[in-house]
Amino acid sequence: MKIVQLHVDYVEYEPVRPESSVYEEAERKKHRIEEALLLLTSVEKGDDRRLGEKAVEDAAEFMKELKIPRLVIYPYAHLSTNLASPGEALEVLKAMREKAEEMRLEAYSAPFGWNKKLSISVKGHPLAEQLRSYTPETVREKSEEEVPQALLMEEKLESYWYILTPDGEVVPVEQFDFKGHENLEVFARYEMQKSRAVLEQPPHVSLMKRLEIADYEPASDPGNLRWYAKGRLIKSLLEQYVTQKVIEYGGIEVETPIMYDMSHPALKKYLHKFPARQYVIPVEDKKYFLRFAACFGQFLIAKDMQLSYKHLPIWLYELTRYSFRREKSGELVGLKRLRAFTMPDVHALCRDIEQAKEEMKKRLRLSMEVMEGIGFGRDDLEMAIRFTKDFYESHRDFIFELVRMFGKPVLAEMWNERYFYFVLKWEFNFVDNQRKAAALSTDQIDVENARAYGITYVNEKGEKEYPIILHCSPSGAIERVIYALLEKAYMKIEKNEKPMFPIWLSPTQVRIIPVKSDYLEDALELMKKLEESDVRVDVDDRDETVERKIRDAETEWIPYVVVYGEREKKSGVLSVRVRETGKLEKMRVEELAEKIREAVKNRPFKKLPLPKLLSRRPSFR
RNA sequence: GCCCCGGUAGCUCAGCCUGGUAGAGCACUGGCUUGGUAAGCCAUGGGCCGCGGGUUCAAAGCCCGCCCGGGGCUCCA
């Protein structure tokens, strides 16, 4: 395919008479289009629809750069001596028109197969005239950079912003009184203008390194981190906790592949509806993409399931380690935004919208419980609800029910049209030290994918129907949860308070410091006792002063530090330095164990995956 | 992707502007020290100063190119 691309002040054409055996219907009148990008297009032998689509994509990019408002596709046979047959050529031209429409370009198209009178006025800048040449090879090479439609559409998306209150008010953001809701205001401004110059680096990055949680891995692709023992432990506990909660709520846990064939028909559509860039892996003559959510695997399972209305609602759950999104390199930050991340993802198949609404309420409750269980309070999170205008008009009460459940004013974004596959989504957002927001928990009502994947259930009448699908991550990405915990801890440092992890997540919960080496035996004994009641304990047996060991325990944010010496040996009562209160407290071993059991309550426990003796423990960095 | 900043010991960084052949603290190793609630003392070892080219008698430093990393912008379903 050869295209002469011209940036024109105007183009005028007038169909005179049909010239080819294949021609389109056309009016014999003069057409004039101003301020346009004109594509004089010759379709050659071997060209296919993909080439046409690619050409339109390139043109669209050019138009965006130069702010050219409209496109004219003009069949022009005189650029090649190797023309395709008229039938084939028309097919490719139609693909171009469809593509332009799909991309919501203002596009005009001259009729194929006519002898036309043509006059044009080309602009005088250096980029105004260009020859483009496409062969099947160009598409094969370039297609790795395929940009999903949704990414392009997103840029055109128009939103209206409101605050919804638990009392049922709808207030345009500009008119809302944010007194007492300062965090929501920061969040709303962040979402709406999405730009803010901040120079400092986010505090959680140096914390994640210093606390030996995670670190960048220069030998991998950026945004793929390495996890040290303490980080792995914390992450693993969070993973187990979310999974446990989802299963309590009736989730059915499955596991699915991490890579999928890009040419699989059902996946193809979803790839385009979902604004994310993929990692692509060529294997022999096929291309696979790494999953960027659990959706694919679960939908493919659901498609094969024998589902009756009696089974619904049904929840399918997977915790993806990992999901991959090839975010642009400049967007990656610490644990906040990664290219490989761990995402709990629970889908619900529902028979109709009413059932979907009921399920969504349960899942909101689940998400609230999970966030609270992890250690986030209501003040730490701001809720956003986004929906189409249609959905709002027919389900207003439901939306306010969600707001009431959350119990605080909520940021609402309304779209005039449905651009994505869902009609409503909500998220919890965390506002960090840079006053930037990151989404954690989320749920969506998907009205499109059941059809796209051929997922059906049988209703009372024995007919097949498409279910509504909900997509929920009760915690959001696990890495991002840790980011939020670290950012929250940093806020404490800023207030001159002692930062710490929730006790159930602290790698070492109790550090025992023998006053001198003579008490090491006793310390080990004490450690054994505490371990028997599921407490993570270690012993600082290094040849250092007590002060030094305490300082090190403090910088590790250890919640309970026990100094053990003559006094404790005699009395049998421990001196415990309690981080939360900053006080020294006397208590017996059993009381200490009980305090920790109480703090962990119903949440998972894992043993400390490190040498128990500090003298045997290497530093990771 | 664009803009900015950076790459010197395991880590954090100084030195670079104004060229003269490599520094500190912490960590590591050895020794002294048996210490009671946030850093005990001494000593030792450790460096292709990101890579390649250029200028110069001489380059960690100046110039050019490249690679890698980070931050900001944009984006964030």
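Look up: the structure comes first, before these words.
To start, this report covers the structure provided alongside it. Just so you know, these numbers come straight off a predicted model, no measurement behind them. (Residues numbered from 1 in each chain as written. Chains lettered and ligands numbered in written order. Predicted model: local features only at pLDDT ≥ 70, side-chain atom pairs only at ≥ 80, totals over all residues. Heavy atoms only, no water.)

This paragraph deals with the overall build of chain A. For chain A, the helix and strand inventory stands at 18 helices and 28 strands. Along the first, second and third principal axes, the C-alpha atoms of chain A reach 110 × 55 × 50 Å. Scored against the burial criterion, the 621 residues of chain A give a buried share of 53%. Look at the contacts in chain A between residues 6 or more apart in sequence, and 76% of them connect residues 24 or more apart. For chain A, the accessible area works out to roughly 29000 Å², and carbon and sulfur atoms hold 47% of it. Distance between charge centroids for chain A: 2 Å, based on 102 positive and 107 negative side chains. (Helix = DSSP H or I, 4+ residues; strand = E, 2+ residues; numbered from the N terminus. Buried < 20%, exposed > 50% of the residue type's maximum accessible area, 1.4 Å probe, protein only. Contact = heavy atoms within 4.5 Å. Areas by Shrake-Rupley, 256 points an atom, 1.4 Å probe, with all protein chains shown as cover. Lys, Arg positive; Asp, Glu negative; His and termini not counted. Charge placed at Lys NZ, Arg CZ, Asp CG, Glu CD.)

What follows concerns helix α15 (residues 520-532). With 13 residues, α15 should cover 18 Å at 1.5 Å per step; its first-to-last C-alpha distance of 18 Å lies within 8% of that length. Each element contacted by the buried residues of α15 is listed here: β24 (510-514), β25 (537-539), β26 (560-564), β27 (574-578) and α18 (589-600). Where α15 ends, the next residue or the one after it, Asp534, has phi of about 55°, a positive value. (Expected span 1.5 Å × (residues − 1).)

Looking now at the side chain of Thr508. Here Thr508 is to be found in the loop between α14 (478-494) and β24. Within the local environment of Thr508, its side chain forms a polar contact with the side chain of Asp538, the two groups lying 2.7 Å apart. For Thr508, the residues in contact, after removing those within four places along its chain, are Arg536, Asp538, Ile558, Pro559, Leu608 and Arg617. (Polar contact = N/O pair within 3.5 Å; in protein donor to acceptor, adjacent residues only side chain to side chain.)

We now examine the sheet that holds β25. Ordered by their spatial adjacency, five strands build an open sheet running β25-β24-β26-β27-β28, and the pairing between neighbours is mixed. Pairing within the sheet leaves two strands with one partner each, and these edge strands are β25 and β28 (583-587). Adjacent strand axes in the sheet meet at a mean angle of 25° when their direction is disregarded. Two elements, β26 and β27, share four bridges in a ladder whose sense is antiparallel. (Pairing = 2+ DSSP bridges. Axes fitted to C-alpha atoms, helices over the stretch in contact; angles between N-to-C directions.)

Before going further, it helps to examine the environment of Gly462. Its location among the elements puts Gly462 in the loop between β21 (457-458) and β22 (464-465). With relative accessibility at 52%, the residue Gly462 sits in the exposed group. A C-alpha to C-alpha distance of 8.9 Å links Gly462 and Ser308, two positions 154 residues apart in sequence.

This part is about the sheet that holds strand β14 (residues 286-290). Strand order in the open sheet made by the three strands is β12-β14-β13, with antiparallel pairing throughout. Every interior strand has two partners, whereas the edge strands, β12 (259-261) and β13 (280-283), have only one. For this sheet, the mean angle separating the axes of adjacent strands, direction not counted, is 35°. By the bridge criterion, four bridges tie β13 to β14 in an arrangement that is antiparallel. By the bridge assignment for β14, Val280 is matched with Phe289.

Within the structure shown, the criterion is met by 24 aromatic pairs. Centre to centre, the rings of Tyr279 and Phe324 are 5.8 Å apart; their planes meet at 85°, and the pair counts as edge-to-face. Placement of Tyr279 in the loop between α8 (265-273) and β13 and of Phe324 in strand β15 (residues 314-324) is noted, with a sequence separation of 45 residues between them. You can call Tyr279 buried: its relative accessible area is 15%. Overall, Phe324 belongs to the buried group, its relative accessible area being 10%. An aromatic cluster is present here, built from Tyr260, Phe289, Phe292 and Phe296 joined pairwise through their rings. (Phe/Tyr/Trp six-rings, centres within 6.5 Å; stacked < 30°, edge-to-face > 60°.)

Below, the discussion takes up the state of the cysteines. Using the criterion set out here, one finds zero disulfides in the structure. Considering cysteine sulfurs only, Cys472 is the nearest to Cys295, which forms no disulfide, with 12 Å between them. Of the residues examined, Cys295 reaches a relative accessible area of 2% and is grouped as buried. Lacking any disulfide linkage, Cys350 is separated from the closest cysteine sulfur, that of Cys472, by 12 Å. The class for Cys350 is buried, based on a relative accessible area of 0%. (Disulfide = S-S within 2.5 Å.)

With that out of the way, let us pick up the packing of α15 against α18. Look at α15 against α18: their axes get within 10 Å of each other, and the N-to-C directions meet at 40°. If you check the angle between α15 and α18, you find them oblique. Relative to α18, α15 is oriented so that their crossing is right-handed. Side by side, α15 and α18 meet where Leu526, Lys529 and Leu530 of the first sit next to Val589, Leu592 and Ala593 of the second. Here the contact of α15 with α18 is built from residues that sort into five nonpolar, no polar and one charged. (Parallel < 35°, antiparallel > 145°, perpendicular 65-115°, else oblique. Left-handed = near helix turned anticlockwise from the far one by under 90°. Nonpolar A, V, L, I, M, F, W, Y, C, P; charged D, E, K, R; others polar.)

Turning our eyes to something else, we now look at the pattern of salt bridges. Summed over the entire model, instances satisfying the criterion amount to 52 salt bridges. The salt bridge partner of Glu556 is Lys230, with a shortest N-O separation of 3.1 Å. Of this pair, Glu556 sits in the loop between α16 (546-555) and β26 while Lys230 sits in helix α7 (residues 229-248), and the two are 326 residues apart along the sequence. Overall, Glu556 belongs to the partly exposed group, its relative accessible area being 25%. When the shortest N-O distance is used, the salt bridge between Lys362 and Glu359 registers 2.8 Å. One end of the pair, Lys362, and the other, Glu359, are both in helix α10 (residues 353-374), three residues apart, so they sit about a helical turn from each other. By relative accessible area, which is 4% here, Glu359 ends up buried. (Salt bridge = Lys/Arg side-chain N within 4 Å of Asp/Glu carboxyl O.)

So, about the side chain of Asp540. Its location among the elements puts Asp540 in the loop between β25 and α16. One polar contact links Asp540 to Arg542, side chain to side chain, over a distance of 2.9 Å. Apart from the residues within four sequence positions on either side, Asp540 is in contact with Arg511, Ile512, Ile513, Pro514, Lys549 and Leu614.

This paragraph deals with the pairing of β27. Summarising burial for β27: four of the five residues are buried, a large majority. Across five bridges, the pairing between β27 and β28 is antiparallel. Residue Val576 lies in a different strand from β28, and its bridge partner there is Glu585.

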